Amino acid sequence: MTGSPADIYSEAILDHARHPRRRGRLEDSCAHAEGFNPLCGDRVEVWIDAADGVVRKTRFEGVGCAISTASASMMTDAIAGRSIADARASVERFIRAATGRDLPDDPPLPGDLEALASVRRLPMRVKCATLAWRAAASALDDADQDLTSAPGAETKP
């Protein structure tokens, strides 16, 4: 991939940075996780409300650069309405792409996420782009745990 570092600031990324989707606390969540990047000071909190194995709602709150904010907004779009398993797979897939650790059989990312994952060319920005996704992975684990330990839920062998 060629181009200047400024190429990662696509219109979609700038739009998510200026007008983040699903920003704000989610009071009725079943899972919550925080992320912090000590190198630059970016902070993010992710909330997930899941039921019947599906991410019903997700929100984030945080302070950070345009990449960090856009990434958190795009992450909430990517996992909302999906099964926990699909959401987790999407999170893991994005992190692999953004860190340059794609697997041979990985499907392509949707256009906007591929533009965001191009931060792999800028090692100092990778943590900014993956911060919310890593917090989401932790929150998804908590949501899955909460659902499997709820009264009447099937337990995993």
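Computed from a predicted structure; not experimentally measured.

### Let's talk about the nonpolar core
Line of reasoning, step 1. Counting residues in each nonpolar core, the largest one holds 39 residues, and the members touching the most others are Val-44, Val-46, Ile-48, Phe-94, Leu-116 and Trp-133.
Line of reasoning, step 2. Every element with two or more residues in this core is listed here: β1 (31–36), β2 (43–51), β3 (54–63), α2 (66–79), α3 (84–98), α4 (111–117) and α5 (123–149).
Line of reasoning, step 3. Of all the elements, α5 adds the most residues to this core, at 11 residues.
Line of reasoning, step 4. Ignoring sequence-local partners within four residues, the contact set of Leu-116 consists of Ile-13, Ile-67, Ser-71, Met-74, Phe-94, Ala-129 and Trp-133.

### With respect to the pattern of salt bridges
Line of reasoning, step 1. According to the stated counting rule, one finds 10 salt bridges in the structure shown.
Line of reasoning, step 2. Its salt-bridge partner being Asp-141, residue Arg-88 comes within 3.2 Å of it at the nearest N-O pair. Of this pair, Arg-88 sits in helix α3 while Asp-141 sits in helix α5, and the two are 53 residues apart along the sequence.
Line of reasoning, step 3. Residues Asp-102 and Arg-93 are paired through a salt bridge, measuring 2.6 Å at the closest nitrogen-oxygen approach.
Line of reasoning, step 4. One salt-bridge network, in which partners are shared between bridges, spans Arg-93, Arg-96, Asp-102 and Asp-106.

### So, the state of the cysteines
Line of reasoning, step 1. All told, the structure shown has zero disulfides when counted by the stated rule.
Line of reasoning, step 2. Looking at the unpaired Cys-65, the closest cysteine sulfur is the one in Cys-128, lying at 3.8 Å.

### Digging into the pairing of β1
Line of reasoning, step 1. Burial along β1 is one-sided: the face carrying Ala-31, Ala-33 and Gly-35 is buried and the face carrying His-32, Glu-34 and Phe-36 is not.
Line of reasoning, step 2. Summarising the sheet, β1 and β2 pair through six bridges and their orientation is antiparallel. By the bridge assignment, Glu-34 is partnered in β2 with Glu-45.
Line of reasoning, step 3. Remark: six residues form the turn of the hairpin made by β1 and β2, two consecutive strands paired antiparallel; Gly-41 in that turn has positive phi of roughly 95°.

### Side note on unusual backbone geometry
Line of reasoning, step 1. A positive phi is found at Arg-22, a non-glycine position, where the angle reads about 55°.
Line of reasoning, step 2. Structurally, Arg-22 is set in the loop between α1 (11–18) and β1.
Line of reasoning, step 3. Given a relative accessible area of 32%, Arg-22 falls into the partly exposed group.
Line of reasoning, step 4. Its identity as a non-glycine residue notwithstanding, Asp-52 has a phi of 55°, on the positive side.
Line of reasoning, step 5. Relative to the elements of secondary structure, Asp-52 occurs in the loop between β2 and β3.

### Details of the sheet that holds β2
Line of reasoning, step 1. Across the sheet, which stays open at both edges, the three strands sit in the order β1-β2-β3 with antiparallel pairing between neighbours. For this open sheet the edge positions go to β1 and β3, each flanked by a neighbour on one side alone. Going from strand to strand, the sheet's axes swing by 15° on average, the running direction of each strand aside.
Line of reasoning, step 2. Across the sheet, α2 lies against β2 and β3, angled at about 175° from β3, the strand it touches most.

Calculation notes
- Residues numbered from 1 in each chain as written.
- Predicted model: local features only at pLDDT ≥ 70, side-chain atom pairs only at ≥ 80, totals over all residues.
- Heavy atoms only, no water.
- Core = buried A, V, L, I, M, F, W, Y, C linked by side-chain atoms within 4.5 Å.
- Buried < 20%, exposed > 50% of the residue type's maximum accessible area, 1.4 Å probe, protein only.
- Helix = DSSP H or I, 4+ residues; strand = E, 2+ residues; numbered from the N terminus.
- Contact = heavy atoms within 4.5 Å.
- Salt bridge = Lys/Arg side-chain N within 4 Å of Asp/Glu carboxyl O.
- Disulfide = S-S within 2.5 Å.
- Pairing = 2+ DSSP bridges.
- Axes fitted to C-alpha atoms, helices over the stretch in contact; angles between N-to-C directions.

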